Amino acid sequence: MAKHARWAVVGAGIIGAAVAREILGRHDSADVTLFEKEDHPAAHQTGHNSGVVHAGLYYEPGSLKATLCRRGVDLIRDFANEHNVAFDECGKVVVATDETEAERLHAIHSRALANGVPDIAMLDRDGLRDIEPNAEGLAALHSPHTAIIDYRGLTDALVADFRAHGGRVRFSTPVKTIDRRGGPTGDTAVVRTPVDAQEFDHVIVCAGLQSDRLAARSGQNRTPTVVPFFGQYFILDEEYSSAVNGLIYPVPDPKYPFLGVHVTRRIDGGLMIGPNAFLSFSREGYRGLGLNIPDSLAVAADSGFWRFAVGNMATAARELPGVLSIEKFVAEAARYVPDLAGADGHRATRGIRAQAMNRDGTLVDDFVIDRAGAAMFVRNAPSPGATSALAIAEHLVAIIDGRR
Ligand SMILES: Cc1cc2nc3c(=O)[nH]c(=O)nc-3n(C[C@H](O)[C@H](O)[C@H](O)COP(=O)(O)OP(=O)(O)OC[C@H]3O[C@@H](n4cnc5c(N)ncnc54)[C@H](O)[C@@H]3O)c2cc1C
């Protein structure tokens with residue numbers, strides 16, 4: 001590797017910011033540029049999520065999600081402590097309300113054990129009440145080290161640390177393409193923006209909701225495509241803020257890679273319910289209907305989406321009327337926290353998930369990383385992507401360095 005290797009990272013969400021910082025941590029003489037199309041970090045998924053540091057309960061043992069989530073937890077906790085980022089190990093329970101859910105919960109418990117999640121325990125009804133006096137269920141899985149964090153603050157701190165070590169950040173600079181270039185000393189890649197073109201020895205693309213488009217414009221496979229799923233949140237009135245001690249989750253529906261509407265304490269002290277999961281009319285529209293015609297047409301033109309839709313249309317039609325209704329969310333949460341029945345609150349931000357989909361309409365579960373010459377593309381990094389970000393960064397840079 002050249003002494004002053006030139007590296008580019010595209011996207012200043014939590015993963016791009018972590019990757020940029022990791023490069024300088026490994027190669028202090030490297031020349032590293034972080035490109036971001038918005039004028040600040042964490043503008044999309046990272047700044048609109050549940051704020052949970054997942055412990056690694058659900059993921060297929062041996063998958064990238066399982067291994068990088070577990071490693072990510074330690075890295076993120078240490079970084080947050082060192083950089084004064086708010087972090088609270090408030091714990092979490094996953095609550096089963098009937099026999100079918102209880103059976104699925106036992107399967108999650110086995111996975112969590114296989115993944116090495118520390119100090120987890122199955123609880124009966126009374127055990128659940130000891131941890132969460134207002135929760136009601138047949139059985140629960142307790143994860144005492146699941147935490148909440150300020151992901152925007154954490155990403156700001158990653159970018160600040162990167163800059164302090166000599167990294168360059170170019171905000172308001174959308175990358176149009178990454179063009180592969182072969183040369184006598186090996187591959188390089190040219191990053192084109194509306195104002196210039198620069199050659200790099202390595203480019204790592206962490207473009208979240210735009211990852212398939214940027215890959216396709218750069219000559220890569222269009223699939224997996226990104227199908228945006230929005231998740232609405234509500235914040236309950238202040239009188240409910242202490243209704244729970246930590247995080248309360250339902251047992252997820254194994255058909256979808258989403259965790260279900262949960263009751264989440266926020267790092268600012270508020271109590272949040274959400275997110276649901278519904279097809280989004282836009283990749284980056286956070287208000288109203290958020291209708292974006294090109295984004296909607298792109299979904300409609302995706303044959304994989306129609307295959308997915310065939311199996312899911314009936315449920316979607318059933319869910320549509322309540323998709324933005326606080327009554328519906330509260331009723332969902334009251335299944336396992338009955339005291340919340342009738343609670344009121346206000347609509348908070350919405351998040352939009354970049355969910356990768358295969359050509360056959362199946363949703364991609366694990367993290368996906370593609371490599372093409374000097375460029376590397378993160379093609380799928382859904383939840384627990386924020387928890388895993390620092391470990392994903394370690395992983396990507398180690399692959400390029402030939403250490404993995
Ligand atoms: C509703 C919701 C809840 C979630 N909850 C959790 C949770 O509690 N815990 C957890 O661990 N994970 C959670 N996740 C997942 C987590 O937020 C993501 O895995 C993580 O934020 C992905 O980070 P990223 O940097 O890849 O993407 P992003 O944060 O979306 O960042 C991508 C960046 O790339 C930039 N970009 C795109 N195209 C270009 C271009 N052409 N040129 C320059 N810049 C570009 C974008 O502007 C953006 O800033 C949640 C996600 C959502 C949506």
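Residues numbered from 1 in each chain as written. Predicted model: local features only at pLDDT ≥ 70, side-chain atom pairs only at ≥ 80, totals over all residues. Heavy atoms only, no water.

This next bit is on the domain arrangement of the protein. Once the domains are mapped, the protein shows domain 1 (1-89 + 145-224 + 364-404) and domain 2 (225-361). Look at where the C-alpha atoms of domain 1 and domain 2 centre, and you get two points 25 Å apart. Counting from both sides, the interface comprises 34 residues of domain 1 and, opposite them, 33 residues of domain 2. Note that Asp212 and Arg283 form a salt bridge whose closest N and O atoms lie 2.7 Å from each other. (Domains from an automatic or database assignment. Contact = heavy atoms within 4.5 Å. Salt bridge = Lys/Arg side-chain N within 4 Å of Asp/Glu carboxyl O.)

Running from N to C, helix H2 (residues 64-82) and helix H5 (residues 151-164) point in directions that differ by 75°, and their axes come no closer than 11 Å. Compared by their axis directions, H2 and H5 come out roughly perpendicular. Residues Ile76, Phe79 and Ala80 of H2 pack against Tyr151, Leu154, Ala157 and Leu158 of H5. Here the contact of H2 with H5 is composed, by residue class, of seven nonpolar, no polar and no charged. (Axes fitted to C-alpha atoms, helices over the stretch in contact; angles between N-to-C directions. Helix = DSSP H or I, 4+ residues; strand = E, 2+ residues; numbered from the N terminus. Parallel < 35°, antiparallel > 145°, perpendicular 65-115°, else oblique. Nonpolar A, V, L, I, M, F, W, Y, C, P; charged D, E, K, R; others polar.)

This brings us to the side chain of Thr146. For Thr146, the location among the structural elements is in the loop between strand S7 (139-143) and strand S8 (147-149). Take Thr146: its relative accessible area is 1%, and that puts it in the buried class. Polar contacts involving the side chain of Thr146 include one to the side chain of Ser143, which spans 2.7 Å. (Buried < 20%, exposed > 50% of the residue type's maximum accessible area, 1.4 Å probe, protein only. Polar contact = N/O pair within 3.5 Å; in protein donor to acceptor, adjacent residues only side chain to side chain.)

What follows covers the pattern of salt bridges. Counted under the stated rule, the structure contains 26 salt bridges. Across the pair Lys37 and Glu284 runs a salt bridge, and its minimum N-O distance is 2.8 Å. Taken as a pair, Lys37 in the loop between strand S2 (31-35) and strand S3 (52-53) and Glu284 in the loop between strand S18 (278-279) and helix H7 (293-300) lie far apart in primary sequence, 247 residues in all. On the basis of relative accessible area, Lys37 is assigned to the partly exposed category, the value being 32%. Its relative accessible area of 26% is what places Glu284 among the partly exposed residues. Notably, a salt bridge pairs Asp401 with Arg403, separated by 2.9 Å at the nearest N-O pair. Three or more residues joined by partner-sharing salt bridges are found here, namely Lys37, Glu38 and Glu284.

For the ligand, the set of nearby residues contains 39 residues, the closest of which are Glu36, Thr46, Val52, Ala381 and Thr387. A distance of 2.6 Å separates an oxygen atom of the ligand from a polar side-chain atom of Glu36. In the complex, the protein chains occlude 97% of the 1000 Å² of accessible area that the ligand would expose alone. For the shell around the ligand, the per-class residue count stands at 17 nonpolar, 17 polar and five charged. Residue assignment places the shell around the ligand across two domains, with domain 1 (1-89 + 145-224 + 364-404) and domain 2 (225-361) each supplying three or more. (Near = heavy atom within 4 Å. Areas by Shrake-Rupley, 256 points an atom, 1.4 Å probe, with all protein chains shown as cover.)

Another point: H2. It helps to recall that an α-helix has 3.6 residues per turn; residues three or four apart then point in one direction. With 19 residues, H2 extends 26 Å from end C-alpha to end C-alpha; this agrees with the ideal 27 Å at 1.5 Å per step. Helix geometry: H2 is bent most strongly at Gly72, by close to 25°. Among the residues making up H2, those that are buried are Lys65, Ala66, Leu68, Cys69, Arg70, Gly72, Val73, Leu75, Ile76, Phe79 and Ala80. Its buried side turned inward, H2 meets helix H1 (14-26), S3, strand S4 (87-88), S8, H5 and helix H10 (385-401). Downstream of H2 by a residue or two, Asn84 has a phi angle that is positive, lying close to 55°. (Expected span 1.5 Å × (residues − 1). Bend = angle between axes of the 7 residues up to and from the residue.)

What follows covers unusual backbone geometry. The step from Gly274 to Pro275 runs through a cis peptide bond, and the omega angle for that step is -15°. Within the secondary structure, Pro275 is located in the loop between strand S17 (271-274) and S18. Here the bond from Ser383 into Pro384 is cis, since omega is 10°, no more than 30 degrees from zero. Inspection of the secondary structure assignment puts Pro384 in the loop between strand S21 (375-380) and H10. Even without being a glycine, Ala42 presents a positive backbone phi close to 60°. Here Ala42 is to be found in the loop between S2 and S3. We note that Asp119 has phi near 60°; this positive angle belongs to a residue other than glycine. Among the secondary structure elements, Asp119 is positioned in the loop between helix H3 (99-114) and strand S6 (121-124).

With that settled, consider the sheet that holds S21. Pairing in this open sheet of six strands is mixed, and the strands run S9-S2-S1-S13-S21-S20 from one edge to the other. The strands lining the two open edges of the sheet, one partner per strand, are strand S9 (168-170) and strand S20 (368-372). Pairwise comparison of adjacent strand axes, ignoring direction, gives a mean angle of 15° for this sheet. Taken together, the three bridges between S2 and S9 define a ladder with parallel strand orientation. Residue pairing across strands places Phe35 opposite Arg170, the latter belonging to S9. Of the strands in this sheet, S2 and S9 touch H5, which is tilted by about 130° from S9. (Pairing = 2+ DSSP bridges.)

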